Amino acid sequence: MSQPDSTEPGTSFHLGGAIRVNAFRKSWESAQKRRKLSRNVRLDAVMLDLDFQSGRWDGSAQYRVYYYSDTGRTTHFPHHAWVGYWLDDRQKIQAGIQKVPFGLLPFASNNFFFSLAFYAGLEDDYDAGISYRRRQAGWVFDASYFPADEGSWGGNSNDSARYSYDIVSDGVRENRERHQINLRLAREFAFDNGIHGEAGLSLQYGLLPNGITGRNGHQDAEAVHTNLRYGNWNLKAEAIRYRYDVENPAYQDDRYVVMGAYDFPYHVAASGQIYVASLSHSWDIPGSLLDSITVYSDYSYFLKTESGYSDSQQQVFGAGFDFDGPLYVTTDIALGQNNAYIGPDFTNALAAGNRDSGWSSRLNLNVALYF
């Protein structure tokens, strides 16, 4: 969060975007002998960005379009759209669709798939509301109020055409997220031996109104995190506890909730604990076409406290290549157990799962061209 120069005259705008292409191979689809290149390479996303700055005011918006070649479906939605105002050089207020201040920021992971916290709505989450941030003497405090999630936009699903995962309606279960409050406090530090970073605590609470019963459920989540740096090494760690306590009709199972994003809903355990650990190392390469390389190992474990549910795991080994210019390439070897995106069971893997489920793998190459 850097403050605009309030003495600079006029207003500046920047229009940009990106095109991303994805190539992959999934272990659980090997029996289908998918060898055609067109079935394993697809347009991942097209993004359009607009940023502005005018004195103490600034703002940013991004709109995304995704195309799923397997089904011919297209979905589109805003990633974010906010306007901010700097009260002074330490304080800022911001309104619109924006990142929820929870846990490790900006991300708890380095890879294309994020961590398992993302798929439970607790990493890189975006909602619509107002936030306040104050930074002073090594402390960073965030307080936010989100009366609603970011909404569902263009797609085929009932309520899941959005970027980040929220509790959604699928036409049968009628729960939604409303009136969410987030508090986050982090302490930045630096030691004489060269280690620096931050440690923090996050709290989240909100209502989950049910459209059938007319009653309000509630959600709550807590996280502790640390982000350590030493030279080009980076270690991230986070522990999350959450609960989605819904008020469904008596005939519906309360042990899971329906969450959705990217135009697809699925089931997630209504309560659990998520543990994240990430280690990375980067190299700067001056004077070459490649500016830097970052290699990483990202692990996350999803302990489901619901009776009879099987836990989920995710391990990703990968590297990011930042080229001189507009090109960024991510290569990942992703391993998953009871994992919706790294395994054959999309709908129930993050809910009940399967106690006999083995590990699945996915090789993934993502090429992003920024303009």
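Each chain has its residues counted from 1, running along the sequence as written. Confidence filtering applies because this is a predicted model: local features only for residues at pLDDT of at least 70, side-chain atom pairs given and counted only at 80 or more, and all residues used for totals across whole chains, interfaces and linings. Processing note: side-chain calculations cover all non-hydrogen atoms of the structure and skip hydrogens and water entirely.

Let's shift gears to the overall build of the chain. To qualify as a helix, a DSSP run of H or I must reach at least 4 residues; to qualify as a strand, a run of E must reach at least 2; elements of each kind are numbered from the N terminus. Scanning the chain from terminus to terminus reveals two helices and 19 strands. Radius of gyration: C-alpha atoms only; globule rule: 2.2 Å multiplied by the number of residues to the exponent 0.38. Taken against the 2.2 N^0.38 rule, which gives 21 Å for 371 residues, the C-alpha radius of gyration of the chain at 21 Å falls within 12% of a compact globule. Projected onto the principal axes, the alpha-carbon positions of the chain cover approximately 60 × 50 × 45 Å. With 371 residues in all, the chain has 48% of them scored as buried. The contact criterion used throughout is that any non-hydrogen atoms of two residues lie within 4.5 Å. For the chain, restricting intrachain contacts to residue pairs at least 6 apart in sequence, the fraction spanning at least 24 positions comes to 62%. Exposure was quantified through the Shrake-Rupley algorithm and a 1.4 Å probe, taking into account, for residues, occlusion by the shown protein chains and nothing else. As displayed, the chain offers around 16900 Å² of accessible surface, 58% of which is attributable to carbon and sulfur atoms. One way to put it: in the chain the 33 positive side-chain charges average out to a point 5 Å from where the 43 negative ones average out. Think of it in three bands: residues with accessible area under 20% of the maximum for their type are buried, residues over 50% are exposed, and the middle band is partly exposed, with areas taken using a 1.4 Å probe on protein chains only. Neither His nor the chain ends contribute to the count of charged residues, in which Lys and Arg are positive and Asp and Glu negative. For charged residues, the charge sits on one atom: NZ in Lys, CZ in Arg, CG in Asp, CD in Glu.

The next point concerns the environment of Asn354. Its location among the elements puts Asn354 in the loop between strand E18 (327-337) and strand E19 (360-370). A sequence separation of 331 residues divides Asn354 from Ala23, and the C-alpha atoms of the two residues are 28 Å apart. Excluding residues that lie within four positions of it along the chain, Asn354 makes contacts with Ser310 and Asn338. Polar contacts here mean pairs of N or O atoms no more than 3.5 Å apart (in protein, one a potential hydrogen donor and the other a potential acceptor; neighbouring residues in sequence count only if both atoms are side-chain atoms). Only 2.9 Å separates the side chain of Asn354 from the backbone nitrogen of Asp356, close enough to count as a polar contact.

Attention now goes to the nonpolar core. Residue types Ala, Val, Leu, Ile, Met, Phe, Trp, Tyr and Cys, when buried and joined through side-chain atoms within 4.5 Å, form a set referred to as a nonpolar core. Counting residues in hydrophobic clusters, the biggest one holds 53 residues, and the most contacted among them are Leu122, Tyr242, Tyr262 and Val268. The leading source of residues in this core is strand E13 (residues 256-261), at five residues. Here Leu122 is in contact with Phe102, Ala117, Gln204, Ala221, Ile240, Tyr242 and Tyr244, once residues within four sequence places are set aside.

What follows concerns the pairing of strand E4 (residues 73-86). When strand E3 (residues 57-68) meets E4, the two strands line up antiparallel, connected through twelve bridges. Its bridge partner lying in E4, Gln62 is registered against His80. Only when DSSP finds a minimum of two bridges between them are two strands counted as paired. Taking the residues between adjacent antiparallel strands as the criterion, E3 and E4 are bridged by four residues, where Gly72 takes a positive phi near 75°. As defined by bridge partners, E4 adjoins strand E5 (residues 91-99) across six bridges and the pair is classed as antiparallel.

In the sections that follow, a salt bridge refers to a side-chain nitrogen of Lys or Arg positioned within 4 Å of a carboxyl oxygen of Asp or Glu. One pass over the full model with this rule turns up 21 salt bridges. Taking the shortest distance from any N to any O, the salt bridge between Lys92 and Asp58 comes out at 3.0 Å. Of the two residues, Lys92 sits in strand E5 while Asp58 sits in strand E3, which places them 34 residues apart along the sequence. Classification of Lys92 as buried rests on a relative accessible area of 7%. Through salt bridges with shared partners, a single ionic network connects Asp149, Asp159, Arg162, Asp166, Glu174, Arg176 and Arg178.

This brings us to the packing of aromatic side chains. In summary, the pairing rule links any two rings of Phe, Tyr or Trp, Trp by its six-membered ring, whose centres are within 6.5 Å, and it sorts them by plane angle into stacked for under 30 degrees, edge-to-face for over 60 and tilted for everything else. Within this structure, the stated rule accounts for 25 aromatic pairs. With a centroid separation of 5.5 Å and 85° between ring planes, the pair formed by Phe118 and Tyr165 is classed as edge-to-face. Of this pair, Phe118 sits in helix H2 (residues 116-119) while Tyr165 sits in the loop between strand E7 (139-149) and strand E8 (166-167); the two residues are 47 residues apart in sequence, bridging distant segments of the chain. The buried category is assigned to Phe118, whose relative accessible area is 1%. A ring is scored as having a charge over it whenever the NZ atom of a lysine or the CZ atom of an arginine sits within 6 Å of its centre and within 35 degrees of its normal. The cationic tip of Arg173 hangs over the ring face of Tyr256; the distance from NZ or CZ to the ring centre is 4.0 Å. Here the basic side chain of Lys304 rests over the ring of Phe302, its NZ or CZ set 5.5 Å away from the ring centre.

Attention now moves to empty space enclosed by the protein. In the cavity and pocket records, a cavity denotes points on a 1 Å grid over the protein atoms alone where a 1.4 Å probe fits but cannot get out, a pocket denotes an open set with protein on both sides within 12 Å along at least 5 of 7 lines, and lining residues are residues with an atom within 4 Å of a point. Grid points are joined across faces, edges and corners, and a volume is the space filled by probe spheres set on the points. Going through the model one piece at a time under the given rule, you end up with two cavities of 30 Å³ or more. Size it by volume and the largest cavity reaches roughly 50 Å³. Along the walls of the largest cavity sit Lys99, Val100, Phe102, Leu104, Leu105, Pro106, Gly121, Leu122, Glu123, Asp124, Asp125 and Gln204, which together make up its complete lining. Charged means Asp, Glu, Lys or Arg here, nonpolar means Ala, Val, Leu, Ile, Met, Phe, Trp, Tyr, Cys or Pro, and polar covers whatever is left, Gly included. Across the lining of the largest cavity, the residue classes break down as six nonpolar, two polar and four charged. The computed volume of the second largest cavity comes to approximately 40 Å³. Lining of the second largest cavity is provided by Gly121, Asp125, Asp127, Tyr165, Asp166, Glu177, Gln180, Gln204, Gln219 and Tyr244. For the lining of the second largest cavity, the per-class residue count stands at two nonpolar, four polar and four charged.

Taken in spatial order, the three strands of this open sheet run E8-E13-E14, and their pairing is antiparallel. On the outer flanks of this sheet lie E8 and strand E14 (264-269), each paired with one strand and no other. In terms of strand pairing, E13 meets E14 through six bridges, oriented antiparallel. Directly across from Val257, in E14, lies its bridge partner Val268.

Take the side chain of Ser160 next. Here Ser160 lies in the loop between E7 and E8. In this structure Ser160 comes out as buried when scored by relative accessible area, which is 1%. Excluding residues within four positions of it along the chain, Ser160 makes contact with Ser152, Val168, Gly260, Ala261, Tyr262, Asp263, Phe264 and Pro265.

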